[in-house]
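Geometric and topological summary
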Amino acid sequence: LVAASGLLKGVSNVVKLTRFTDTFDVVEQEFDKISGPNTELVQGEAVGIDVPNKQLLLRDGRKIGYGKLCLCTGARPKRVSSH
């Protein structure tokens, strides 16, 4: 997991309302308090991908190898009115 921020967003209290709708709370966790199996945490900013060599390139010059890569670039929530 590579993140530029010291805080990462996640979800908790997920409740399925309908087949296509869930409700949940957005929570922030400090980067250094996150752990998981087979997870490496790196604070940095990705600036490129070397696809042939399967490496993620960071702004500070580091290169991180990967087997599979999933890019999550962030988002802003869009509130849906109740009307």
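It should be noted that the structure appears before, not after, this text.
Attention in this report is confined to the structure presented alongside it. (Residues numbered from 1 in each chain as written. Predicted model: local features only at pLDDT ≥ 70, side-chain atom pairs only at ≥ 80, totals over all residues. Heavy atoms only, no water.)

1. Digging into a nonpolar patch on the surface
Selection rule: The patch calculation keeps residues exceeding 30% relative accessible area without a salt bridge and links them within 9 Å when they carry like charges or within 5 Å when they are nonpolar (Val, Leu, Ile, Met, Phe, Trp, Tyr). All accessible areas in this document rest on Shrake-Rupley with a 1.4 Å probe, and a residue is counted as covered only by the protein chains that are shown. Whenever Lys or Arg places a side-chain nitrogen within 4 Å of a carboxyl oxygen from Asp or Glu, that contact is recorded as a salt bridge. A helix here means a DSSP run of H or I that spans at least four residues, while a strand means a run of E at least two residues long, and both kinds are numbered starting from the N terminus.
A cluster of nonpolar residues, Val11, Val14, Phe24 and Val26, forms a patch on the protein surface that exposes about 380 Å² of accessible area. Residue assignment for the nonpolar patch shows that the elements contributing at least two residues are strand 2 (7-16) and strand 3 (22-30). As for its placement among the helices and strands, Val11 is situated in strand 2.

2. Section: the environment of Ile34
Inclusion rule: In what follows, a contact means two residues having at least one pair of non-hydrogen atoms within 4.5 Å.
Residue placement: Ile34 occurs in the loop between strand 3 and strand 4 (42-43). Residues Ile34 and Asn13, 21 residues apart in the sequence, show an inter-C-alpha distance of 18 Å. Sequence-distant contacts of Ile34, that is, excluding residues within four places in its chain, are made with Leu8, Gln29 and Leu41.

3. Concerning the pattern of salt bridges
To keep things clear, this is the line we draw: Whether a residue is buried, partly exposed or exposed follows from its accessible area with a 1.4 Å probe, protein chains only, as a fraction of its type maximum: under 20%, in between, or over 50%, in that order.
By the definition in use, this model includes three salt bridges. The residue Asp22 makes a salt bridge to Lys16 at a minimum N-O spacing of 3.4 Å. For Lys16, a relative accessible area of 55% puts it in the exposed group.

4. Considerations on unusual backbone geometry
Despite not being glycine, Asn13 shows a phi value in the positive range, around 55 degrees. In this fold, Asn13 is placed in strand 2. A relative accessible area of 54% means that Asn13 is categorised as exposed. Residue Lys54 is not a glycine yet carries a positive backbone phi of 50 degrees.

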